[in-house]
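Chain and residue survey
Chain residues, written in single-letter form:
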Amino acid sequence: MSTTSGILKIDNLVMVRGTKAVVHGIKLEVKPGMVTALMGPNGAGKTSTVLGISGVVEPAFGDVWLDGHNVKGLESDEIRRHGIATVPEGHQVLRELTVRENLQVAGGGLSSSALNQAIERVLELFPELKTRLNQAAGDLSGGQQQMVSISQALVVSPRYLLIDELSFGLAPSIVSRLVPVIREIAASGIGVLLIEQFTQLALGLSSHVYVMSRGSVSYDGGPENLKADPDILHRAYFPISDREAVGLA
Ligand SMILES: Nc1ncnc2c1ncn2[C@@H]1O[C@H](COP(=O)(O)OP(=O)(O)O)[C@@H](O)[C@H]1O
Ligand SMILES: [Mg+2]
């Protein structure tokens, strides 16, 4: 059934970058209140998938079902209004603007009272931003910028949150700080799609895992099988041809 309500369901998604198909008709489901991990080596097509779901790059083919509506092909702003928010790769904040202004820009369509409430809510998740609201976002540490980036996505009260590379480039202490926040976000009912290079972190947080390699899904199942049989992941990260080249096969 392709129109299951309450689930974000991606069907047969094909993404073309430049002239090359880089995502070959994948299926994914993201359930409310849970973390779903999307793993896989560099170049597997994870970011292209996120850009396709969020409407930043139009999918060449496929459907993005949300509550029985196909939002595929809508503008990214519209998709955001439908309740799918994205934390893009590389904690992209508006560096010249203050933290508060970053949140105001993200919550552009909200009334000022709704925006203030939303800002209060994100400050409960990230109290360390409270004293930095009037600082230029570009002056914050990478970890704090990632908190601003997550907050920007949360300001619009999304039902689904797509996080592209949660921990990339961040110190381990910051990553440990973010883990309980991701749990809390999911516990509040939001369906989280977590793209994460640090496999132990992703497996620890998620109820369901997709592994992508070379534009296709090579594993679709619970994290426990991947914990029990690490070779499944190794095969995705180091395909046989590469394993032979480095003497692993
Ligand atoms: N703007 C682009 N133009 C052309 N090719 C791209 C572009 N962005 C990504 N690609 C290619 O698409 C493939 C998938 O990349 P990406 O979706 O970024 O993978 P991942 O996020 O898993 O590392 C790679 O081969 C990459 O080189
Ligand atoms: Mg990527």
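All of the points below concern the structure found in this document. (Residues numbered from 1 in each chain as written. Chains lettered and ligands numbered in written order. Predicted model: local features only at pLDDT ≥ 70, side-chain atom pairs only at ≥ 80, totals over all residues. Heavy atoms only, no water.)

1. Describing the nonpolar core
Residues Leu-161, Ile-185 and Val-192 are the most contacted members of the largest nonpolar core, which totals 39 residues. Going through the elements one at a time, β6 (84-87), α3 (99-106), α4 (112-125), α5 (142-154), β7 (160-164), α6 (172-187), β8 (191-195) and α7 (199-205) are the ones with two or more residues in this core. Non-local contacts of Val-192, meaning those with residues more than four positions away in its chain, are made with Val-30, Met-34, Val-35, Thr-36, Leu-161, Ile-163, Ile-182, Ile-185 and Ala-186. (Core = buried A, V, L, I, M, F, W, Y, C linked by side-chain atoms within 4.5 Å. Buried < 20%, exposed > 50% of the residue type's maximum accessible area, 1.4 Å probe, protein only. Helix = DSSP H or I, 4+ residues; strand = E, 2+ residues; numbered from the N terminus. Contact = heavy atoms within 4.5 Å.)

2. Quick notes on the coordination of the magnesium ion (ligand 2)
Those donors, Thr-47 (OG1) and Glu-89 (OE), are the protein atoms that reach the magnesium ion (ligand 2), and they lie 2.1 to 2.6 Å from it. Within this pair, whereas Thr-47 is found in helix α1 (residues 46-53), its partner Glu-89 is found in the loop between β6 and α3, the two being separated by 42 residues in sequence. With relative accessibility at 37%, the residue Glu-89 sits in the partly exposed group. (Donors = N, O, S within 2.8 Å, 3.2 Å for Na, K, Ca; no water.)

3. A closer look at the site of ligand 1
In the vicinity of ligand 1, the contacting residues are Arg-17, Gly-18, Lys-20, Val-22, Pro-41, Asn-42, Gly-43, Ala-44, Gly-45, Lys-46, Thr-47 and Ser-48. Separating a nitrogen atom of ligand 1 from a side-chain N or O atom of Arg-17 is a distance of 3.4 Å. For ligand 1, an oxygen atom lies 3.5 Å from a polar atom in the side chain of Lys-20. Of all elements in the fold, only β2 (20-30) and α1 reach the threshold of two or more residues within the shell around ligand 1. A per-element tally of the shell around ligand 1 places α1 first, with three residues. (Near = heavy atom within 4 Å. Polar contact = N/O pair within 3.5 Å; in protein donor to acceptor, adjacent residues only side chain to side chain.)

4. Observations regarding a negative patch on the surface
Residues Glu-58, Glu-75, Asp-77 and Glu-78 make up a contiguous surface patch of negative charge. Locating Glu-58 in the fold gives a position in the loop between α1 and β4 (61-66). Accessibility expressed as a relative area gives 56% for Glu-58, which makes it exposed. (Patch = residues over 30% accessible without salt bridge, like charges linked within 9 Å, V, L, I, M, F, W, Y side chains within 5 Å. Areas by Shrake-Rupley, 256 points an atom, 1.4 Å probe, with all protein chains shown as cover. Salt bridge = Lys/Arg side-chain N within 4 Å of Asp/Glu carboxyl O. Lys, Arg positive; Asp, Glu negative; His and termini not counted. Charge placed at Lys NZ, Arg CZ, Asp CG, Glu CD.)

5. Examining the pairing of β8
Burial of β8 is extensive: five of the five residues sit out of reach of the surface. The alternating pattern of β8 places Gly-191, Leu-193 and Ile-195 and Val-192 and Leu-194 on opposite faces, both of which are buried. One ladder, built from four bridges, connects strand β3 (residues 35-39) with β8; its direction is parallel. Opposite Thr-36, over in β8, you have Leu-193 as the bridge partner. Direction of pairing for β7 relative to β8: parallel, over a ladder of five bridges. Its bridge partner lying in β8, Tyr-160 is registered against Gly-191. The parallel pair β7 and β8, bridged by α6, forms a crossover whose chirality is right-handed. (Pairing = 2+ DSSP bridges. Right-handed = clockwise from strand over helix to strand, strands pointing away.)

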